[in-house]
Amino acid sequence: MNAHTIAESLIMPAAKILVSHVIGEEAVAKLESVSFSNNTVQRRIEEMSVDQMVEGVKSSKNGFSIQLDKSTDVTNCSQLLVYVRFTQTNAAKTELLLSQDLSNTTTGKEFISKLGAFVRKLDLWIKNVESKLYGMFELLTTLESEPTNEFAQEIVHHLSLLKTELKHYFPDVTCCAYVANQFSVDPADLAVGTREQKELIGIQTDETAKMKHKECSPLNFWVTIASSYSTQTRHAVPQLLIFPSSWECEQGFSAFMTIKSKSRNRLDTPEHDFRCGVSKVQLNFVDQLALTSWWRRSRYSPRIELLFS
């Protein structure tokens, strides 16, 4: 990765030569007003890195999944990488969601253990409150009178909602039989009255679906037939969005080491530079330029569009 000043020292001189030959010297003078300072380049990188990822996740109709891992950089600081997987334009996309320094470390095993312990604690608290035992809530023990039944029911309701929310964000995933191979499952084995049987029969007799099954990955297969078989797609896609391995994070850490190397060990967290470096999204620079007032006023815009086409 080159320093941000390369735009001023290399790209601008090259752009002037290109524009002078294609458009003319008058257009070269226009380039002089474009700022390529280190701060300006950094700000534009930040804007592009956010736009590349956020819009894709928001437009995903089938939800998304995340994968996270941590490693240590050249300065012995813990770095957290989070990747997001979502669907867009009838295909699965994987992008970097977050790159962040960690002040302390926690392994995935420790996190799952703590989550499980907290859920068990919620079950115990619910049972205690139903038995009118409030010792785990220190503030309640200071009340002059014992809480009423209505108040106890409110506590139970609140704890139950908290447990439900945790289960929603960290569910126990049970894989449907037809997710990976739809043509080897007997429709009679599926639940009755959920449209799954009808849709599975439709898929197994659909010649177009058979062809797509041979051409596409399981995830992309379900995304492309979502409009015709919505019930099964709604069950299959969230399961297939789950990352099958930690390959993305491992590859990301390798790329991170080329950005924050020993020769650049004083660099702050290069989150935005890193995201632009590993992103698979192709930016439409003409659309980006169209948002600027200079571009809208310029009579050179059709010629510059030709350079990007």
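Here, every reference points to the structure presented above.
Residues numbered from 1 in each chain as written. Predicted model: local features only at pLDDT ≥ 70, side-chain atom pairs only at ≥ 80, totals over all residues. Heavy atoms only, no water.

A.B. asks: Whenever I open this one, the overall build of the chain confuses me. Can you help?
C.D. replies: When helices and strands are counted, the chain shows 14 helices and 3 strands. Going through the 309 residues of the chain one by one, you find that 32% of them count as buried. By element, 55% of the accessible surface of the chain is carried by carbon and sulfur atoms, the whole surface being about 19800 Å². (Helix = DSSP H or I, 4+ residues; strand = E, 2+ residues; numbered from the N terminus. Buried < 20%, exposed > 50% of the residue type's maximum accessible area, 1.4 Å probe, protein only. Areas by Shrake-Rupley, 256 points an atom, 1.4 Å probe, with all protein chains shown as cover.)

A.B. asks: What am I meant to see in the nonpolar core here?
C.D. replies: Soluble globular proteins tend to bury their nonpolar side chains together. Tyr178, Ile203, Leu219, Phe221, Trp222, Ile225 and Val237 are the most contacted members of the largest nonpolar core, which totals 18 residues. Within the residue set of this core, elements represented by two or more residues are α6 (196-204), α8 (218-224) and α9 (230-240). The dominant element in this core, judged by the number of residues it contributes, is α8, at 4 residues. In terms of nonpolar packing, the next biggest core, distinct from the first, is built from 13 residues, Val119, Phe137, Leu159 and Leu166 among them. (Core = buried A, V, L, I, M, F, W, Y, C linked by side-chain atoms within 4.5 Å.)

A.B. asks: I would appreciate a short explanation of the pairing of strand β2 (residues 78-87) in the present structure.
C.D. replies: The side chains of a regular strand alternate between the sheet's two faces. Across the 10 residues of β2, 10 count as buried, placing the element largely inside the fold. Burial along β2 is two-sided: Ser78, Leu80, Val82, Val84 and Phe86 facing one way and Gln79, Leu81, Tyr83, Arg85 and Thr87 facing the other are all buried. Direction of pairing for β2 relative to strand β3 (residues 92-102): antiparallel, over a ladder of 10 bridges. Across the sheet, Tyr83 pairs through a bridge with Leu96, a residue of β3. Between β2 and β3, which pair antiparallel one after the other, the connecting turn spans 4 residues, and Thr89 there sits at a positive phi close to 55°. (Pairing = 2+ DSSP bridges.)

A.B. asks: Explanation requested: the pattern of salt bridges in the structure shown.
C.D. replies: When the charged atoms of two side chains with opposite charge come close together, those side chains can pair. Counted by the stated rule, this structure contains 3 salt bridges. Residue Glu199 is joined to Arg195 by a salt bridge in which the shortest nitrogen-to-oxygen separation is 3.5 Å. Looking at Glu199, the relative accessible area reads 4%, which means it is buried. Put simply, Lys210 and Glu207 hold a salt bridge, and the shortest N to O gap is 3.5 Å. Highlighted residues: Lys210 and Glu207, both in helix α7 (residues 207-215), separated by 3 residues, approximately one helical turn. Its relative accessible area of 30% is what places Lys210 among the partly exposed residues. On the basis of relative accessibility, which here comes to 55%, the residue Glu207 falls in the exposed class. (Salt bridge = Lys/Arg side-chain N within 4 Å of Asp/Glu carboxyl O.)

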